[in-house]
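Chain by chain, the residues:
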Amino acid sequence: NGRIGFGTSPILSTSNITMLTSNNNVGIGTTSPTRKLHVVGGSTYAALLDSDQDYTLGLARSGTEEWWLKTYTDGRFAIHENGVGDKVTIKAGGNVGIGTTSPTTKLDVRGGMIVALDTPPSFYSAATLEVYRNGNTSELLIHQDNGAATTKFAQLHFRNGGNDTWIKTPTT
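In short, a report on the structure. What you see is a predicted model, and the numbers here were worked out from it, not measured in a lab.

In sheet architecture, strand pairing relies on hydrogen bonds along the backbone and comes in two forms, parallel and antiparallel. Here we have six strands laid out as an open sheet, ordered β5-β6-β7-β8-β9-β10, and mixed in their pairing. Single-partner strands in this sheet number two, and they are β5 (55-61) and β10 (107-109). For this sheet, the mean angle separating the axes of adjacent strands, direction not counted, is 20°. As paired strands, strand β8 (residues 85-90) and strand β9 (residues 96-98) are joined by three bridges and run antiparallel to one another. The residue of β9 that forms the bridge with Thr89 is Gly97.

Structure below.
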């Protein structure tokens, strides 16, 4: 029947490991695996990956490892990009960081970002922060700390169609 079973039962059952020889799929907890590895759990989660290293699971395409899922001893979980570092971090307790491994609030983003209800125009791709909504009202609070820069100001740019208005407030 094109199946090979491994286990304690002499017949093919969900308590065994099943390999379909026709497509090389392997099933644990199923006699009809539909993927290269198909795991079916019972009343608990289907799989547990346990490692004594930070890198718990590697993701590759055509043999090239690009991404890893990492778990740290301090409870952090991270998505790590090969050669770049941790891109998204979730701390124990729930704070999420993008561009930081130590998020200090529920969502902590370091670097530029766009917050949009709709798809913003492509000329905004270099925005530090953009709040974009196609219709109704958008709100934004800008806070400038009195840092080490010699020219200190907070600037707000309004674009209504093709009409641009800037509000620039010195902070020194």
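Right, picking up where we left off after that structure.
Attention shifts here to the environment of Leu69. In this structure, Leu69 sits in strand β6 (residues 64-71). Exposure remark for Leu69: the relative accessible area of 25% places this residue in the partly exposed category. Between the C-alpha atoms of Leu69 and Ile79, which are 10 residues apart in sequence, the distance is 4.9 Å. For Leu69, the residues in contact, after removing those within four places along its chain, are Asp54, Tyr55, Thr56, Leu57, Phe77, Ala78 and Ile79.

A few words now on the pattern of salt bridges. One side chain can pair with another of opposite charge once the charged atoms of both are near each other. A full pass over the atoms with the stated rule returns three salt bridges. The partner of Asp86 in a salt bridge is Lys70, with the nearest N and O atoms 3.4 Å apart. Of this pair, Asp86 sits in strand β8 while Lys70 sits in strand β6, and the two are 16 residues apart along the sequence. We note that Asp86, like Lys70, is buried. Between Asp74 and Arg76 there is a salt bridge whose closest N-O contact spans 2.9 Å. With relative accessibility at 18%, the residue Arg76 sits in the buried group.

Let us look at a nonpolar patch on the surface. Taken together, the side chains of Leu49, Leu57, Leu59, Trp67 and Ile79 define a hydrophobic patch exposed on the protein surface, amounting to about 400 Å² of accessible area. Mapped onto the elements, Leu59 comes out in strand β5. Judged by relative accessible area, which is 41%, Leu59 ranks as partly exposed.

Here the focus is the packing of aromatic side chains. In total, this model carries one aromatic pair according to the counting rule given. With a centroid separation of 5.4 Å and an interplanar angle of 70°, the aromatic rings of Tyr55 and Trp68 are classed as edge-to-face. Here Tyr55 is found in strand β5, whereas its partner Trp68 is found in strand β6, with 13 residues between them in sequence. Against the face of Tyr72 rests Arg76, its NZ or CZ located 3.8 Å from the ring centre.

Let us look at the side chain of Thr89. Here Thr89 is to be found in strand β8. In this structure the side chain of Thr89 is engaged in a polar contact, spanning 3.5 Å, whose partner is the backbone oxygen of Thr100. Setting aside anything within four residues of it in sequence, one finds Thr89 in contact with Arg76, Phe77, Ala78, Asn95, Val96, Gly97, Thr100, Thr101 and Pro103.

Thresholds, definitions, all that
Residues numbered from 1 in each chain as written. Predicted model: local features only at pLDDT ≥ 70, side-chain atom pairs only at ≥ 80, totals over all residues. Heavy atoms only, no water. Pairing = 2+ DSSP bridges. Helix = DSSP H or I, 4+ residues; strand = E, 2+ residues; numbered from the N terminus. Axes fitted to C-alpha atoms, helices over the stretch in contact; angles between N-to-C directions. Buried < 20%, exposed > 50% of the residue type's maximum accessible area, 1.4 Å probe, protein only. Contact = heavy atoms within 4.5 Å. Salt bridge = Lys/Arg side-chain N within 4 Å of Asp/Glu carboxyl O. Patch = residues over 30% accessible without salt bridge, like charges linked within 9 Å, V, L, I, M, F, W, Y side chains within 5 Å. Areas by Shrake-Rupley, 256 points an atom, 1.4 Å probe, with all protein chains shown as cover. Phe/Tyr/Trp six-rings, centres within 6.5 Å; stacked < 30°, edge-to-face > 60°. Lys NZ or Arg CZ within 6 Å of the ring centre and 35° of its normal. Polar contact = N/O pair within 3.5 Å; in protein donor to acceptor, adjacent residues only side chain to side chain.

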